[in-house]
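Next come the chains, spelled out residue by residue.
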Amino acid sequence: MRVEHDFHLHTNLSVCAAREVTAADYVANARRLGLKKIGFSDHFWDAAIDGANKFYQTQNYEHIIQLKPELEALRCDDIQFYFGCETEYDPWRRGVAITEETAEKLDFLLVPNSHTHMMMPKDCYEPYQKHADFMMQALYDILESPVSRYITAIAHPFEAVACPYPNGILIDLIPDDDFRRVLDVMAKKGIAFEINVSSMQKKNHEEIERASQMRLFRLAREQGCKFLFGSDSHRAASHDFYGNADFVAGLLELKNDDIAPIARI
Ligand SMILES: [Zn+2]
Ligand SMILES: [Zn+2]
(Lines give C-alpha, C1' and ligand atoms only; values in the text may rest on other atoms or scores of the structure.)
(Ligands and ions follow the chains in the order given, each with its own letter.)
Protein backbone atom coordinates (compact mmCIF):
# COMPACT_ATOMS: atom_id res chain seq x y z
CA MET A 1 0.00 0.00 0.00
CA ARG A 2 0.99 3.63 -0.45
CA VAL A 3 1.19 5.64 2.76
CA GLU A 4 -1.00 8.67 2.22
CA HIS A 5 -0.79 10.19 5.69
CA ASP A 6 1.76 11.74 8.03
CA PHE A 7 0.70 12.27 11.63
CA HIS A 8 3.95 13.58 13.08
CA LEU A 9 4.75 17.14 12.07
CA HIS A 10 6.49 19.83 14.11
CA THR A 11 6.02 23.44 13.06
CA ASN A 12 8.14 26.30 14.37
CA LEU A 13 5.90 26.31 17.46
CA SER A 14 8.09 23.40 18.61
CA VAL A 15 11.18 25.07 20.04
CA CYS A 16 13.48 22.40 18.52
CA ALA A 17 12.08 22.80 14.97
CA ALA A 18 13.53 25.01 12.24
CA ARG A 19 12.57 28.63 12.92
CA GLU A 20 11.18 29.11 9.41
CA VAL A 21 9.04 25.96 9.04
CA THR A 22 5.29 26.56 8.97
CA ALA A 23 2.14 24.53 8.42
CA ALA A 24 2.00 25.97 4.87
CA ASP A 25 5.33 24.28 4.04
CA TYR A 26 4.01 20.90 5.16
CA VAL A 27 0.78 21.36 3.22
CA ALA A 28 2.84 22.08 0.09
CA ASN A 29 4.95 18.98 0.75
CA ALA A 30 1.86 16.86 1.32
CA ARG A 31 0.42 17.98 -1.99
CA ARG A 32 3.66 17.13 -3.77
CA LEU A 33 3.84 13.70 -2.08
CA GLY A 34 0.15 12.93 -2.61
CA LEU A 35 -0.67 12.75 1.12
CA LYS A 36 -4.37 13.01 1.96
CA LYS A 37 -4.23 13.40 5.75
CA ILE A 38 -1.66 15.25 7.82
CA GLY A 39 -1.46 15.66 11.58
CA PHE A 40 0.28 18.49 13.43
CA SER A 41 1.98 17.34 16.61
CA ASP A 42 4.00 20.08 18.25
CA HIS A 43 5.73 19.23 21.52
CA PHE A 44 3.51 19.74 24.56
CA TRP A 45 3.40 19.63 28.36
CA ASP A 46 0.13 20.62 30.06
CA ALA A 47 0.45 23.74 32.24
CA ALA A 48 -1.90 22.03 34.72
CA ILE A 49 0.73 19.35 35.37
CA ASP A 50 3.79 20.29 37.45
CA GLY A 51 7.26 19.26 36.45
CA ALA A 52 7.71 20.78 32.97
CA ASN A 53 11.44 21.14 32.36
CA LYS A 54 12.97 24.15 30.63
CA PHE A 55 12.26 22.65 27.20
CA TYR A 56 8.56 22.17 27.92
CA GLN A 57 7.85 25.24 30.06
CA THR A 58 6.60 27.42 27.19
CA GLN A 59 5.10 24.58 25.13
CA ASN A 60 1.63 24.50 26.67
CA TYR A 61 -1.88 24.61 25.22
CA GLU A 62 -1.99 28.41 24.77
CA HIS A 63 1.19 28.01 22.77
CA ILE A 64 0.26 25.14 20.44
CA ILE A 65 -3.28 26.42 19.84
CA GLN A 66 -1.72 29.34 17.92
CA LEU A 67 -1.59 26.93 14.98
CA LYS A 68 -5.39 26.76 14.66
CA PRO A 69 -5.96 30.05 12.74
CA GLU A 70 -3.11 29.12 10.42
CA LEU A 71 -4.75 25.77 9.66
CA GLU A 72 -8.08 27.48 9.21
CA ALA A 73 -6.56 29.77 6.56
CA LEU A 74 -4.94 26.84 4.74
CA ARG A 75 -8.09 24.73 4.61
CA CYS A 76 -8.47 22.91 1.27
CA ASP A 77 -10.36 20.04 -0.35
CA ASP A 78 -7.52 17.65 -1.20
CA ILE A 79 -5.81 17.35 2.21
CA GLN A 80 -7.39 16.90 5.63
CA PHE A 81 -5.68 18.51 8.63
CA TYR A 82 -5.63 17.15 12.17
CA PHE A 83 -4.64 19.17 15.21
CA GLY A 84 -2.86 17.17 17.89
CA CYS A 85 0.34 17.16 19.88
CA GLU A 86 3.28 15.04 20.94
CA THR A 87 3.03 15.14 24.69
CA GLU A 88 5.39 13.48 27.15
CA TYR A 89 5.82 10.64 29.58
CA ASP A 90 5.75 12.05 33.12
CA PRO A 91 8.26 9.95 35.07
CA TRP A 92 7.48 11.66 38.39
CA ARG A 93 3.82 10.63 38.42
CA ARG A 94 4.45 7.68 36.12
CA GLY A 95 1.77 9.03 33.82
CA VAL A 96 1.32 11.30 30.84
CA ALA A 97 1.86 15.10 30.81
CA ILE A 98 -1.63 16.00 29.62
CA THR A 99 -4.96 16.24 31.42
CA GLU A 100 -8.07 14.52 30.10
CA GLU A 101 -9.65 17.95 29.72
CA THR A 102 -6.93 19.07 27.28
CA ALA A 103 -6.75 15.72 25.50
CA GLU A 104 -10.47 16.09 24.81
CA LYS A 105 -9.77 19.18 22.69
CA LEU A 106 -7.33 17.46 20.32
CA ASP A 107 -7.92 15.43 17.16
CA PHE A 108 -5.13 13.01 18.08
CA LEU A 109 -2.46 12.42 20.67
CA LEU A 110 1.08 11.03 20.39
CA VAL A 111 3.00 9.91 23.48
CA PRO A 112 6.61 8.68 23.37
CA ASN A 113 8.20 6.23 25.79
CA SER A 114 11.63 7.03 24.39
CA HIS A 115 12.48 10.69 25.04
CA THR A 116 14.98 9.26 27.46
CA HIS A 117 17.43 12.14 26.83
CA MET A 118 15.04 14.32 28.85
CA MET A 119 12.96 12.00 31.00
CA MET A 120 15.36 9.30 32.19
CA PRO A 121 17.87 9.67 35.06
CA LYS A 122 21.38 9.84 33.57
CA ASP A 123 22.56 6.80 35.55
CA CYS A 124 20.20 4.62 33.48
CA TYR A 125 22.28 4.96 30.30
CA GLU A 126 24.51 2.08 31.42
CA PRO A 127 24.33 -0.81 31.70
CA TYR A 128 22.16 -0.72 28.54
CA GLN A 129 19.62 -3.02 30.14
CA LYS A 130 18.62 -0.25 32.57
CA HIS A 131 17.87 2.01 29.61
CA ALA A 132 15.77 -0.66 27.90
CA ASP A 133 13.95 -1.40 31.18
CA PHE A 134 13.19 2.30 31.67
CA MET A 135 11.45 2.49 28.27
CA MET A 136 9.48 -0.70 28.94
CA GLN A 137 8.29 0.62 32.33
CA ALA A 138 7.47 4.00 30.76
CA LEU A 139 5.34 2.31 28.12
CA TYR A 140 3.38 0.29 30.70
CA ASP A 141 2.86 3.47 32.76
CA ILE A 142 1.57 5.31 29.67
CA LEU A 143 -0.77 2.45 28.75
CA GLU A 144 -2.14 2.26 32.31
CA SER A 145 -2.66 6.02 32.73
CA PRO A 146 -6.22 7.45 32.80
CA VAL A 147 -5.54 9.44 29.59
CA SER A 148 -4.64 6.27 27.71
CA ARG A 149 -8.08 6.22 26.12
CA TYR A 150 -7.18 9.45 24.30
CA ILE A 151 -3.84 8.20 22.96
CA THR A 152 -3.76 7.65 19.21
CA ALA A 153 -0.23 6.23 18.97
CA ILE A 154 3.01 5.68 20.82
CA ALA A 155 5.61 7.87 19.10
CA HIS A 156 8.83 6.15 17.96
CA PRO A 157 8.44 3.19 20.38
CA PHE A 158 11.76 2.11 21.97
CA GLU A 159 13.80 4.33 19.63
CA ALA A 160 15.72 6.22 22.30
CA VAL A 161 16.11 9.84 21.20
CA ALA A 162 19.55 11.51 21.18
CA CYS A 163 21.07 8.31 22.54
CA PRO A 164 24.86 8.44 23.00
CA TYR A 165 25.17 4.92 21.49
CA PRO A 166 23.25 3.29 18.59
CA ASN A 167 19.71 2.98 19.95
CA GLY A 168 19.09 -0.32 18.11
CA ILE A 169 21.20 -1.99 20.81
CA LEU A 170 18.37 -1.37 23.26
CA ILE A 171 15.76 -2.97 21.01
CA ASP A 172 18.05 -5.97 20.53
CA LEU A 173 18.20 -6.43 24.32
CA ILE A 174 14.44 -6.94 24.67
CA PRO A 175 13.20 -10.49 23.97
CA ASP A 176 10.25 -11.16 21.63
CA ASP A 177 8.01 -12.27 24.49
CA ASP A 178 8.51 -9.04 26.46
CA PHE A 179 7.65 -7.03 23.36
CA ARG A 180 4.65 -9.26 22.64
CA ARG A 181 3.20 -8.70 26.13
CA VAL A 182 3.27 -4.93 25.90
CA LEU A 183 2.23 -4.83 22.22
CA ASP A 184 -0.76 -6.96 23.14
CA VAL A 185 -1.88 -4.28 25.63
CA MET A 186 -1.48 -1.62 22.91
CA ALA A 187 -3.47 -3.68 20.42
CA LYS A 188 -6.29 -4.34 22.92
CA LYS A 189 -6.48 -0.66 23.90
CA GLY A 190 -6.53 0.43 20.25
CA ILE A 191 -3.35 2.48 20.65
CA ALA A 192 -1.43 2.46 17.39
CA PHE A 193 2.26 1.80 16.88
CA GLU A 194 3.99 4.70 15.17
CA ILE A 195 6.39 3.91 12.37
CA ASN A 196 8.66 6.90 12.64
CA VAL A 197 10.36 7.47 9.33
CA SER A 198 12.89 10.04 10.58
CA SER A 199 15.38 7.43 11.78
CA MET A 200 15.52 6.02 8.24
CA GLN A 201 16.67 9.26 6.60
CA LYS A 202 20.28 8.23 6.23
CA LYS A 203 19.63 4.53 5.51
CA ASN A 204 19.30 2.75 2.19
CA HIS A 205 16.66 0.04 1.71
CA GLU A 206 18.99 -2.76 2.70
CA GLU A 207 19.93 -0.99 5.93
CA ILE A 208 16.29 -0.30 6.73
CA GLU A 209 15.49 -3.98 6.25
CA ARG A 210 18.30 -5.00 8.59
CA ALA A 211 17.57 -2.36 11.26
CA SER A 212 16.64 -3.55 14.77
CA GLN A 213 13.29 -1.78 14.51
CA MET A 214 12.07 -4.19 11.83
CA ARG A 215 11.79 -7.06 14.35
CA LEU A 216 9.71 -4.80 16.58
CA PHE A 217 7.50 -3.66 13.66
CA ARG A 218 6.88 -7.31 12.69
CA LEU A 219 6.00 -8.28 16.27
CA ALA A 220 3.59 -5.32 16.47
CA ARG A 221 1.89 -6.53 13.31
CA GLU A 222 1.67 -10.10 14.60
CA GLN A 223 0.12 -8.91 17.88
CA GLY A 224 -2.54 -7.04 15.91
CA CYS A 225 -1.40 -3.47 16.51
CA LYS A 226 -2.57 -0.81 14.09
CA PHE A 227 0.05 1.51 12.61
CA LEU A 228 0.41 5.24 12.21
CA PHE A 229 3.17 6.65 10.01
CA GLY A 230 5.00 9.85 10.86
CA SER A 231 7.92 11.76 9.40
CA ASP A 232 8.69 13.56 12.70
CA SER A 233 9.57 16.51 10.48
CA HIS A 234 11.24 19.43 12.21
CA ARG A 235 12.01 21.20 8.91
CA ALA A 236 10.42 21.24 5.46
CA ALA A 237 13.18 19.13 3.87
CA SER A 238 12.51 16.17 6.19
CA HIS A 239 9.83 15.08 3.76
CA ASP A 240 12.43 14.33 1.08
CA PHE A 241 12.81 10.90 2.70
CA TYR A 242 9.14 10.06 3.16
CA GLY A 243 9.25 7.48 0.36
CA ASN A 244 10.70 5.17 3.03
CA ALA A 245 7.23 4.98 4.57
CA ASP A 246 5.99 3.17 1.43
CA PHE A 247 9.03 0.90 1.49
CA VAL A 248 8.39 -0.19 5.11
CA ALA A 249 4.64 -0.58 4.50
CA GLY A 250 5.61 -2.91 1.64
CA LEU A 251 8.04 -4.93 3.75
CA LEU A 252 5.36 -5.42 6.40
CA GLU A 253 2.72 -6.09 3.72
CA LEU A 254 0.40 -3.60 5.38
CA LYS A 255 -3.15 -3.14 4.12
CA ASN A 256 -5.46 -0.20 4.70
CA ASP A 257 -7.04 -2.14 7.58
CA ASP A 258 -3.68 -2.27 9.42
CA ILE A 259 -3.59 1.52 9.62
CA ALA A 260 -5.02 3.38 12.65
CA PRO A 261 -8.65 4.32 11.88
CA ILE A 262 -7.97 8.10 11.97
CA ALA A 263 -5.40 7.79 9.16
CA ARG A 264 -7.23 5.40 6.84
CA ILE A 265 -8.04 6.76 3.42
ZN1 LIG B 1 9.51 12.46 19.81
ZN1 LIG C 1 8.35 14.47 17.33
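Structure: above.
Criteria and thresholds
- Residues numbered from 1 in each chain as written.
- Chains lettered and ligands numbered in written order.
- Predicted model: local features only at pLDDT ≥ 70, side-chain atom pairs only at ≥ 80, totals over all residues.
- Heavy atoms only, no water.
- Donors = N, O, S within 2.8 Å, 3.2 Å for Na, K, Ca; no water.
- Helix = DSSP H or I, 4+ residues; strand = E, 2+ residues; numbered from the N terminus.
- Buried < 20%, exposed > 50% of the residue type's maximum accessible area, 1.4 Å probe, protein only.
- Pairing = 2+ DSSP bridges.
- Axes fitted to C-alpha atoms, helices over the stretch in contact; angles between N-to-C directions.
- Contact = heavy atoms within 4.5 Å.
- Parallel < 35°, antiparallel > 145°, perpendicular 65-115°, else oblique.
- Left-handed = near helix turned anticlockwise from the far one by under 90°.
- Nonpolar A, V, L, I, M, F, W, Y, C, P; charged D, E, K, R; others polar.
- Tetrahedral: all angles 85-135°; square planar, octahedral: opposite > 155°, others 65-115°.
- Phe/Tyr/Trp six-rings, centres within 6.5 Å; stacked < 30°, edge-to-face > 60°.
- Core = buried A, V, L, I, M, F, W, Y, C linked by side-chain atoms within 4.5 Å.

Draft legend 1. Looking closely at the coordination of the zinc ion (ligand 1). For the zinc ion (ligand 1), the protein coordination sphere consists of Glu86 (OE), His115 (NE2) and His156 (NE2), at 2.0 to 2.2 Å. When the donor residues of the zinc ion (ligand 1) are listed from N- to C-terminus, their spacing reads E-x28-H-x40-H. Between the zinc ion (ligand 1) and the zinc ion (ligand 2), the interatomic distance is 3.4 Å, and Glu86 donates to each metal, bridging them. In this pair, Glu86 sits in strand 3 (residues 80–86) while His115 sits in the loop between strand 6 (108–112) and helix 5 (116–119), placing the two residues 29 residues apart along the sequence. The same class applies to Glu86 and to His115, which are both buried.

Draft legend 2. Region of interest: unusual backbone geometry. Pro127 follows Glu126 through a cis peptide bond whose omega is -10°. Turning to its location among the elements, Pro127 is positioned in the loop between helix 5 and helix 6 (128–144). The phi angle at His156 is positive, at roughly 30°, despite the residue not being glycine. Looking at the secondary structure, you find His156 in the loop between strand 7 (153–155) and helix 7 (168–173).

Draft legend 3. Layout of the sheet that holds strand 8 (residues 192–196). Pairing is parallel in the open sheet, where 7 strands are placed in the order 1-2-3-6-7-8-9. On the outer flanks of this sheet lie strand 1 (5–9) and strand 9 (227–230), each paired with one strand and no other. Within the sheet, the average angular offset between the axes of one strand and its neighbour, ignoring direction, is 30°. Running at roughly 155° to strand 8, helix 10 (residues 213–222) makes contact with strand 8 and strand 9 of the sheet.

Draft legend 4. Representation of the packing of helix 1 (residues 23–33) against helix 3 (residues 67–74) in the model. Packing of helix 1 against helix 3 brings their axes to within 10 Å, and their N-to-C directions diverge by 40°. Regarding the angle of helix 1 to helix 3, the classification is oblique. In this structure, helix 1 meets helix 3 at a crossing whose hand is right-handed. Note on element contacts: helix 3 touches helix 1 through Leu67, Glu70, Leu71 and Leu74, opposite Ala23, Ala24 and Val27. Across the contact of helix 1 with helix 3, the residue classes break down as 6 nonpolar, no polar and 1 charged.

Draft legend 5. Layout of the coordination of the zinc ion (ligand 2). The coordination sphere of the zinc ion (ligand 2) contains the protein donors His8 (NE2), His10 (NE2), Glu86 (OE) and Asp232 (OD), at a distance range of 2.1 to 2.3 Å. For the zinc ion (ligand 2), the 4 donor atoms in the first shell make angles of 80 to 171° at the metal, a pattern classed as irregular. The sequence pattern describing where the donors of the zinc ion (ligand 2) fall on their chain is H-x1-H-x75-E-x145-D. A relative accessible area of 0% places His8 in the buried class. For His10, a relative accessible area of 0% puts it in the buried group.

Draft legend 6. The arrangement of the packing of aromatic side chains in detail. Applying the stated criterion across every chain, the model contains 12 aromatic pairs. Aromatic pair Trp45 and Tyr56: ring centres 5.5 Å apart, planes at 45°, arrangement tilted. Residue Trp45 is found in the loop between strand 2 (37–43) and helix 2 (61–64), and its partner Tyr56 is found in the loop between strand 2 and helix 2; the two are separated by 11 residues along the sequence. Neither Trp45 nor Tyr56 differs from the other in exposure class; each is buried. Summarising the aromatic geometry, the rings of Tyr128 and Tyr165 are spaced 4.2 Å apart at their centres and angled 45° between planes, so their arrangement reads as tilted. Taken together, the positions of Tyr128 in helix 6 and Tyr165 in the loop between strand 7 and helix 7 put the pair 37 residues apart, joining distant regions of the chain. For Tyr128, a relative accessible area of 31% translates into the label partly exposed.

Draft legend 7. Fine view of the pairing of strand 3. With 6 of 7 residues buried, strand 3 lies mostly within the body of the structure. Where strand 2 meets strand 3, 7 bridges bridge the pair, whose relative direction is parallel. Paired with Lys37 across the two strands is Gln80, which belongs to strand 3. Relative to strand 6, strand 3 runs parallel, the two being bridged by 3 bridges. Bridge pairing in strand 6 places Glu86 opposite Leu110.

Draft legend 8. Local environment of the nonpolar core. Residues Phe193 and Phe229 are the most contacted members of the largest nonpolar core, which totals 88 residues. Ranked by residues supplied to this core, first place goes to helix 6 with 8 residues. Once residues within four sequence positions are removed from consideration, Phe193 is found in contact with Ile154, Pro157, Leu183, Met186, Leu216, Phe217, Ala220, Cys225, Lys226, Phe227 and Leu228. The next biggest cluster of nonpolar side chains, apart from the first, holds 5 residues, and it includes Ile49, Tyr56, Ala97 and Met119.

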